[in-house]
Each structure stands twice: as C-alpha cells, then as structure tokens.
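# Tertiary structure, described
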Amino acid sequence: MNARIALALALAALGLWTAAGFLPALIWSAILATTLWPLYTQFSKRLTSGPSTAAALVFTLIVALVLFTPMALAVYQIAEQGDVLVGWLKKAGESGIDVPDWLARLPVAAEGLQQWWRDNLSDPKAAAAWLKSVNMDDASTVLRTFGAQLLHRLFLLFFSLLGLFVLLRNGRLLASRFLETCDKLFGEAGEGLMEKMVDATRGTVNGTVLVAAGEGLLIGVGYLIAGVPNAIVFTILTTTLAMLPFGAWAAFSAAALILVSGGGSGFAAAGVFFWGAIVMFAGDHFVWPTLVGDSARLPFLLAFVGIFGGLAAFGLLGLFLGPVIMAALMVVWREWIFRPVVSDHEA
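### A few points about helix α1 (residues 2-18)
A rise of 1.5 Å per residue sets the reference length of α1, with its 17 residues, at 24 Å; its end C-alpha atoms lie 24 Å apart and thus fit the reference within 8%. Counted residue by residue, α1 has zero buried out of 17 residues, so it is predominantly exposed.

### Structural notes on the packing of aromatic side chains
Inspection of the entire model under this criterion finds 11 aromatic pairs. Pairing F252 with F273 gives two aromatic rings, centres 5.6 Å apart and planes at 65 degrees, and the pair type is edge-to-face. Of this pair, F252 sits in helix α11 (residues 247-261) while F273 sits in helix α12 (residues 266-296), and the two are 21 residues apart along the sequence. Overall, the relative accessible area of 0% leaves F252 in the buried class. Residues F273 and F274 carry aromatic rings whose centres are separated by 5.6 Å and whose planes lie at 80 degrees to one another, so their mutual orientation is edge-to-face. Residue classification places F274 among the exposed positions, given a relative accessible area of 54%. Three or more aromatic residues joined by ring pairs form one cluster here, namely W37, Y40, F43 and F59.

### Some details on the environment of F158
Of note, F158 is situated in helix α7 (residues 136-169). In sequence terms F158 and A25 are 133 residues apart; their C-alpha atoms lie 8.8 Å from each other.

### Re the side chain of S44
Here S44 is to be found in helix α2 (residues 23-48). By relative accessible area, which is 0% here, S44 ends up buried. Ignoring sequence-local partners within four residues, the contact set of S44 consists of S49, G50, P51 and A55.

Each value, and the rule that gives it
Residues numbered from 1 in each chain as written. Predicted model: local features only at pLDDT ≥ 70, side-chain atom pairs only at ≥ 80, totals over all residues. Heavy atoms only, no water. Helix = DSSP H or I, 4+ residues; strand = E, 2+ residues; numbered from the N terminus. Expected span 1.5 Å × (residues − 1). Buried < 20%, exposed > 50% of the residue type's maximum accessible area, 1.4 Å probe, protein only. Phe/Tyr/Trp six-rings, centres within 6.5 Å; stacked < 30°, edge-to-face > 60°. Contact = heavy atoms within 4.5 Å.

Written as structure tokens, this is what we have:
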C-alpha cells in the first residue's frame with residue numbers, strides 16, 4: 001500500500017510538471033465547463049435531445065464567438081488609434097504641432113500641460129529632439145514581446161476552448177468518475193466539498209458577469225449624457241473590460257480623453273471619468289463581493305479576501321480560484337471539523 005501511494009504521488013507530480021504550461025488553460029476550461037453546464041444541458045436538449053458531440057461542438061463555437069468578438073473589436077480600435085498616433089508623431093517631427101484647443105478646456109493642470117506642449121511639441125526642432133529621446137529600440141523590443149505574448153495567449157485560448165469541448169462532450173462520465181474518486185479518498189464529505197466548490201465557481205463567474213454588465217451599462221449612460229463619440233462601442237468595450245482588473249478604468253479614461261480632444265467640454269469629460277470611478281468603486285468593492293459571497297455562502301470579508309487575494313496570488317485566474325479556495329476552506333472547517341461524528345453503535 002505504501003508503495004502504491006508513493007507511486008501515485010510521484011506520477012501525479014510528474015504529470016503536473018509535464019502539463020505545467022497548460023494548467024492555466026485547463027483550469028479555464030474547467031471553470032467554463034462548470035459554469036456553463038446548466039446552460040449547455042438546456043441547449044443540447046433543444047438541439048440534439050441531450051448532450052452529444054454535435055451539441056458540444058456547436059456550443060463551444062458559440063462560446064468562442066462570444067469571447068472573440070469583443071477582443072477583436074478592442075484590437076481593431078487600438079489598431080485604428082495606432083495609425084493616428086504614427087501619423088501624429090511623423091507630423092510632430094517634420095513641422096511641429098500647435099497646442100490643441102481641447103487642452104485649454106481641461107479642468108485640471110491645463111496651463112502646465114500647454115506650456116509643456118509648447119516647449120516640446122510646437123517647435124519642430126524641440127519635437128524632433130524629444131522624439132529622439134524615446135528609445136525606439138526599446139519600443140520595438142516591447143512590440144515584439146507583446147506580439148509573442150499575444151500569439152501565446154491566443155494559443156492558450158484555443159487550447160481552453162478545445163478543453164471545454166472535451167469536458168462538455170464527456171461531462172457526465174468525467175463528473176461521475178471524479179465524484180467516485182472523491183468518495184474513495186474522503187468519503188461522503190468529499191462529495192459535499194465538491195458540490196460547494198462547484199457552487200462557488202458558478203457564483204463567482206455569474207457574479208462577475210452580472211456586475212460587469214451592470215457597471216458597463218451605468219457607465220454607458222454617462223457616455224450618452226456627456227456625448228462621447230461612438231458611445232455604444234465604448235459601452236460594449238467597457239462592459240467587456242470590466243471583467244478584467246482595471247480594464248474598465250482604461251476604457252472610460254480613454255472615452256474622457258477622446259471626448260475632450262474632439263471638442264467636447266472638459267467638465268463633461270471629467271464627469272465621465274469621475275462617474276466611471278464611482279461606479280467601479282461601488283461595484284468592485286461592495287456589490288461584487290456581496291454577490292459572490294452570497295452565491296458561495298461566504299462571509300463578506302472572506303469573499304473580499306478571496307477575490308482580491310486570489311488576484312494578487314494567481315493573477316486573473318485568481319479572480320475565480322480565490323473564492324473557490326475560500327469556500328472549500330469554509331466547508332472543511334464547518335462540516336469536517338465541527339460536525340459531530342455519529343458512530344456505528346449510536347447509529
């Protein structure tokens with residue numbers, strides 16, 4: 001028995017070491033499959049009268065479309081602005097650029113920014129000298145690194161979708177085998193632990209999506225009132241990026257800058273920024289931990305620590321792993337330690 005346990009542990013460690021590069025993608029697959037399983041079962045009943053290979057394939061393609069569409073939109077917007085930036089830098093080096101009118105309409109630090117612009121960008125010689133101070137070799141290195149990272153992330157996303165398809169196609173079999181394993185290792189308490197972890201995963205993902213949608217719509221109302229150009233596009237981007245740490249902050253900050261640079265009021269732009277900041281602060285620090293805590297049956301403080309501690313420890317993946325770990329900890333504490341054990345004689 002000791003030899004079997006040692007062999008099993010050694011093989012498990014070797015397997016984890018071998019799959020280390022793919023573990024984040026596999027964890028994302030498991031999170032998506034766990035969260036979307038109830039929706040998938042309803043979808044498969046309408047499509048093929050139950051889970052099947054065809055239903056899993058179609059559902060995975062729909063998930064891929066939902067994930068890729070906002071990312072493609074964001075990349076397109078960034079690429080468009082990149083062309084504008086390149087043209088602007090070329091003009092600055094050749095003839096200099098006058099101080100734009102919108103700079104004077106900024107409610108804060110307008111005079112200092114105008115003076116810096118005159119000293120560095122209005123005069124062609126000063127602009128050329130300033131642009132030379134920017135290390136283009138470092139910039140090209142950053143761009144190459146970014147491109148390599150982007151391709152790597154896209155490959156991991158493709159692998160996550162492949163894993164999602166496999167998990168959906170074989171979901172019932174894998175779930176039963178997993179529960180049998182937990183039952184043999186931990187007894188009936190193991191099945192209860194797995195149920196709580198599933199509930200925590202679904203609650204975290206659903207809470208994140210709901211809060212992001214609410215934040216995006218509220219900030220989008222601010223875009224419409226302030227007159228931000230392409231307010232609908234910015235609302236979609238803000239809603240999507242609200243699921244990422246500081247993503248929505250970048251979206252509504254860019255919207256405020258575009259509003260003031262396009263001739264809008266500086267106070268309207270400031271209103272967009274501060275309204276977005278208020279919505280994000282309230283949503284991320286109060287509404288989100290409350291929703292996730294209720295779904296995962298966690299106290300507010302533990303939900304808060306699980307979410308933001310998970311982000312600090314595991315990155316974006318920790319956004320979902322943190323509450324799941326805390327929920328598992330609470331189950332072990334409540335049911336394994338404090339639940340009275342009934343002996344066979346008493347039973």
